[in-house]
Amino acid sequence: MSPVERFQTAAGVAAAVATGERSARSVLDEHLARIDEREGEIHAFNHLLADEARARADEIDARIAAGEDVGPLAGVPVALKDNLCTRGIPTTCSSKILDGWRPPYDATVVTRLRDAGAVVIGKTNLDEFAMGSSTENSAFGATRNPLDTSRVPGGSSGGSAAAVAAGFAPISLGSDTGGSIRQPAALCGVVGAKPTYGRASRYGLIAFASSLDQIGPFARTVEDAALLMEVVGGHDPLDATSIPEPFPDLRGTLGRGVEGLRIGLVEELLGGEGGFQPEVQARTREAADALEAAGAKVDVVSVPASTYGLSAYYLIAPAEASSNLARFDGVRFGLRDERATMGETYDATRTAGFGAEVKRRIMLGTYALSSGYYDAYYGKAQRVRTMIIDDFDAAYERFDVLLSPSSPCVAFPLGDKTADPLTMYLNDVCTIPSSLAGHPAMSVPFGTGAEGLPVGIQVMAPALGEEQMFRVAAALEAAAPGGAR
Amino acid sequence: MTAPISRDDVAHVARLARLTLTDEELDTFTGQLASILDHAADVEALDLDDVAPTSHPYPLENVVRPDEVRPCLDRDEVLAEAPSAEDGMFRVPPVLGEAP
């Protein structure tokens, strides 16, 4: 690997900054220059924190000069999805209802990044409240795909994916409820991982659907994704859903290969009934072949209930959202459209503050939870969730990891899927089943599809199976057409 | 099977969710919600009486912390971000009765 490439990875930057070979400030300035050049056309950020980042980089350099160990992300610029709370720094969820609000506390993942020596470079754009698959639902304008600016970056973490793909930061954090890390990672040609539900603290992540939301990394290499995951992962007493087990050493597993691992191609997620681009299907089979050539045992497996995933998800997630978003009422934070009475103020504030997709999901969720429909919709969806978990459990008795495309298609043109919400929801068909099961899953770039745009392969594992998932991801990265990135 | 969602249902749900919709929005949302719920008909049609519901994918039981006083958010910092505050409290319009 040439020195230039090395400085584009988080691991390379951290090693060079820690030894004094490079200054955190020069690394930052290089990234700010790239942002200066292309941010105007991409719009990855809601807030660029250039001054704060320069002060922070100088502080890191001073500490290193004083002989201090500043941590595993020494001087690494990192971008944060704008639904992660940052104390004193605007956090909007790309919604007018939070425009201008500055949280009085940091999310746990933000504290951990700071303790690891990272430099927060900005807050990235998203679909409002993380509801969407294209980052077109932002109240502050869409983000564009750095590989083709006429196309979407995916979503909802589109800004974080685009920031990494454009070289604005080597790594970033996103959140994934039904695929909001994996799908944009696939569309932007970067690595994106969602850990097991409970692996990363959600303290300070503004809630969308609490039984599904997870924070995870974007990176240009599997190693960097593992590094960032190790920094932000692990138990946090401030999140009652946080898993107490210690977080594993992921980077130590990356070189172990896939010899003897059993890998299942999920029949229901291969697009047999149509709707998937043929190039995406072809790359998925080639990925499986490559893993077989590397010593894995590959076979097709059925996870029958996964076909109900999309329907169940679009009842459960809106139901939880309708409850979570009740807190945006104009009383304690953000927008208030003040009227004569509190009741009228609620109505005016929420009507003015939320965009169309958020309103749609709040109403869908309210309906699915309402008297007379709860059993038919929300209750049924929760039972389907059990079926999906049981079917995955059966598959994981015979396989160590499962494989599918991350998205049925490559990056699509802006405006292509905004007219009909259901068309947009279908983008999440491959990513939703693991979300409902609470399992880890990640997307790794593997060759290109239509228009030469990147294809992402999804690697899924059972709960707490991050080690085998990252092992397989590393093998896929090494075998990807065009060689290791 | 439940009846398709009606315009009145959507208006009712919007009221519950404290959202005000124009007539045009009501029409659009009714069509869109109907199409999403129609897609969910596959789930609605399943007989799942014998399957237990899952509300949390990774069950943890009795998560408690020691009952010790710890620092909490700074009141002034929190109230500084409120739309309106007075005497250390959030200030809101009248909740009951007529406006003054």
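The rules behind these values
Residues numbered from 1 in each chain as written. Chains lettered and ligands numbered in written order. Predicted model: local features only at pLDDT ≥ 70, side-chain atom pairs only at ≥ 80, totals over all residues. Helix = DSSP H or I, 4+ residues; strand = E, 2+ residues; numbered from the N terminus. Rg over C-alpha atoms; globule rule 2.2 N^0.38 Å. Buried ≥ 20, exposed ≤ 12 C-beta atoms within 10 Å, placed from the backbone. Contact = placed C-beta atoms within 7 Å. Pairing = 2+ DSSP bridges. Axes fitted to C-alpha atoms, helices over the stretch in contact; angles between N-to-C directions. Core = buried A, V, L, I, M, F, W, Y, C linked by C-beta atoms within 7 Å. Arc of directions from axis to C-beta. pLDDT = per-residue confidence, 0-100.

Chemist: Is there a simple way to explain the overall build of chain A in this structure?
Modeler: Each helix and strand counted, chain A has 16 helices and eleven strands in total. Computed over the C-alpha atoms, the radius of gyration of chain A is 21 Å, within 12% of the 23 Å expected from 2.2 N^0.38 for a compact globule of 485 residues. Summarising its shape, the C-alpha atoms of chain A cover approximately 60 × 55 × 45 Å along the three principal directions. When each of the 485 residues of chain A is scored for burial, the buried share is 66%. Taking contacts inside chain A between residues at least 6 apart in sequence as the whole, the part at least 24 apart equals 76%.

Chemist: Which parts of the structure should I look at to understand the overall build of chain B?
Modeler: Across its full length, chain B carries four helices and two strands. Secondary structure elements of chain B occur, N-terminal to C-terminal, as α-α-α-α-β-β. Relative to the 2.2 N^0.38 estimate, which gives 13 Å for 100 residues, the radius of gyration of chain B is 23 Å and therefore markedly larger than a compact globule would have. Counting only C-alpha atoms and orienting by the principal axes, one finds that chain B spans roughly 55 × 45 × 25 Å. Split into buried and exposed, the 100 residues of chain B put 18% on the buried side.

Chemist: When you look at the sheet that holds strand β2 (residues 77–81) of chain A in this model, what are you seeing that I'm missing?
Modeler: Backbone hydrogen bonds are what pair the strands of a sheet, in a parallel or an antiparallel way. All names here are of chain A. Reading across the sheet, the eleven strands line up as β1-β3-β2-β4-β6-β5-β10-β11-β9-β7-β8 and stay open at both edges, with mixed pairing between neighbours. Taken across any chain shown, the strands that pair with only one partner, and hence form the sheet edges, are β1 (45–48) and β8 (297–301). The average angle at which neighbouring strand axes cross in this sheet is 30°, direction not considered. Note that strand β4 (residues 171–176) and strand β6 (residues 214–219) share six bridges and pair antiparallel. Note on β6: the bridge partner recorded for Leu173 is Pro217. Of the strands in this sheet, β1, β2, β3 (119–124), β4, β5 (191–194) and β6 are in contact with helix α6 (residues 158–165), which crosses β4 at around 155°. In the packing of helix α13 (residues 375–398) onto the sheet, the strands contacted are β7 (262–266), β8 and β9 (401–405), and the crossing angle to β7 comes to about 140°.

Chemist: Looking at this structure, I do not really get the interface of chain A and chain B. What am I missing?
Modeler: Accessible area lost during the coming together of the parts is what is often quoted as the interface size. Listed as interface residues are 59 residues of chain A and, on the opposing side, 48 residues of chain B. Counting residues per element, the ones that place at least two in the side of chain A that touches chain B are α10 (309–324), α11 (342–353), α12 (356–369), α13 and α14 (421–425) of chain A. With twelve residues, α13 of chain A is the largest single contributor of residues to the side of chain A that touches chain B.

Chemist: Hey, could you run me through the nonpolar core in this one?
Modeler: Here is a general trend for soluble globular proteins: nonpolar side chains tend to be buried in one another's company. Judged by nonpolar contacts, the single largest core of 179 residues is most densely connected at Val78, Val119, Leu291, Val401, Val459, Val472 and Leu476 of chain A. Apart from residues lying up to four places away in sequence, Leu476 of chain A is in contact with Ala287, Ala290, Leu291, Val444, Phe446, Ile457 and Val459 of chain A.

Chemist: Explain the pairing of β5 of chain A to me, please; I cannot follow it from the model alone.
Modeler: Side-chain direction in a regular strand flips from residue to residue, so the side chains alternate between the two faces of the sheet. All names here are of chain A. A two-sided burial pattern is seen for β5, the buried positions comprising Val191 and Ala193 on one face and Gly192 and Lys194 on the other. Where β5 meets β6, two bridges bridge the pair, whose relative direction is antiparallel. Opposite Val191, over in β6, you have Ala219 as the bridge partner. Bridge analysis of β5 against strand β10 (residues 441–448) gives three bridges, and the strand direction is antiparallel. Paired with Lys194 across the bridge in β10 is Ala441.

Chemist: Is there a simple way to think about unusual backbone geometry in this case?
Modeler: Negative phi characterises most residues that are not glycine, and trans characterises most peptide bonds. For the bond from Gly155 of chain A to Ser156 of chain A, the omega torsion is 10°, close enough to zero to count as cis. When you line up the elements, Ser156 of chain A lands in the loop between β3 and α6. Of note, the phi angle at Ser94 of chain A is positive, near 55°, even though the residue is not glycine. When you line up the elements, Ser94 of chain A lands in the loop between β2 and α5 (108–115). Judged by C-beta crowding, with 31 C-beta atoms within 10 Å, Ser94 of chain A ranks as buried. A positive phi angle, close to 50°, is found at Asn62 of chain B, a residue other than glycine. Structurally, Asn62 of chain B can be placed in the loop between α3 (41–44) and α4 (75–80).

Chemist: It is not clear to me how the environment of Cys85 of chain A should be interpreted in this structure. Could you clarify?
Modeler: Residues and elements named next belong to chain A. Tracing the backbone through its elements, the reader meets Cys85 in the loop between β2 and α5. Along the primary structure Cys85 and Pro104 are separated by 19 residues, whereas in three dimensions their C-alpha atoms are 8.4 Å apart. Not counting the four nearest positions on each side in its chain, Cys85 is found in contact with Thr91, Pro103, Tyr105, Asp106, Ala107, Gly204 and Ile206.

Chemist: It is not clear to me how helix α1 (residues 7–16) of chain B should be interpreted in this structure. Could you clarify?
Modeler: One turn of the α-helix equals 3.6 residues, which is why residues spaced by three or four share an orientation. Among all positions of α1 of chain B, only Val10, Val13 and Ala14 of chain B are buried. Each buried residue of α1 of chain B lies within a common arc of 100° when the element is viewed along its axis, so the set occupies one face. In this structure, the buried side of α1 of chain B is in contact with α12 of chain A together with α2 (23–39) of chain B.

Chemist: Whenever I open this one, the environment of Ala450 of chain A confuses me. Can you help?
Modeler: All names here are of chain A. Along the chain, the position of Ala450 falls in the loop between β10 and β11 (454–460). Distance from Ala450 to Gly179, taken between C-alpha atoms, is 21 Å for residues 271 residues apart in sequence. Look past the residues within four positions of Ala450 in its chain and what remains in contact with it is Gln277, Glu279 and Val410.

Chemist: Honestly, the environment of Ala130 of chain A in this entry has me stumped. Any pointers?
Modeler: All names here are of chain A. With respect to the helices and strands, Ala130 occurs in the loop between β3 and α6. For Ala130, a count of 30 C-beta atoms within 10 Å puts it in the buried group. Each C-alpha atom, one on Ala130 and one on Gly216, is 14 Å from the other, the two residues being 86 residues apart in sequence. Leave out the neighbours within four places in its chain, and Ala130 touches Asn83, Ser156, Ser175, Thr177, Ser180 and Phe208.

Chemist: Sorry if this is basic, but what is going on with the confidence of the model for chain B here?
Modeler: Residues and elements named next belong to chain B. When pLDDT is averaged along chain B, the result is 91, and 96% of the positions lie at 70 or above. The secondary structure element of chain B with the lowest average pLDDT is α3, at 90, and the one with the highest is α1, at 97. Listed scores for the predicted complex are pTM 0.97 and ipTM 0.94.

Chemist: Would you take a moment to explain the pairing of β2 of chain A for this structure?
Modeler: Residues and elements named next belong to chain A. Counting buried positions along β2 gives five out of five residues, so the element sits mostly inside the fold. Of the two faces of β2, the one holding Pro77, Ala79 and Lys81 and the one holding Val78 and Leu80 are both buried throughout. Judged from the five bridges that link them, β2 and β3 form a sheet pairing that is parallel. Each bridged residue has a counterpart across the sheet, and for Leu80 the counterpart in β3 is Lys123.

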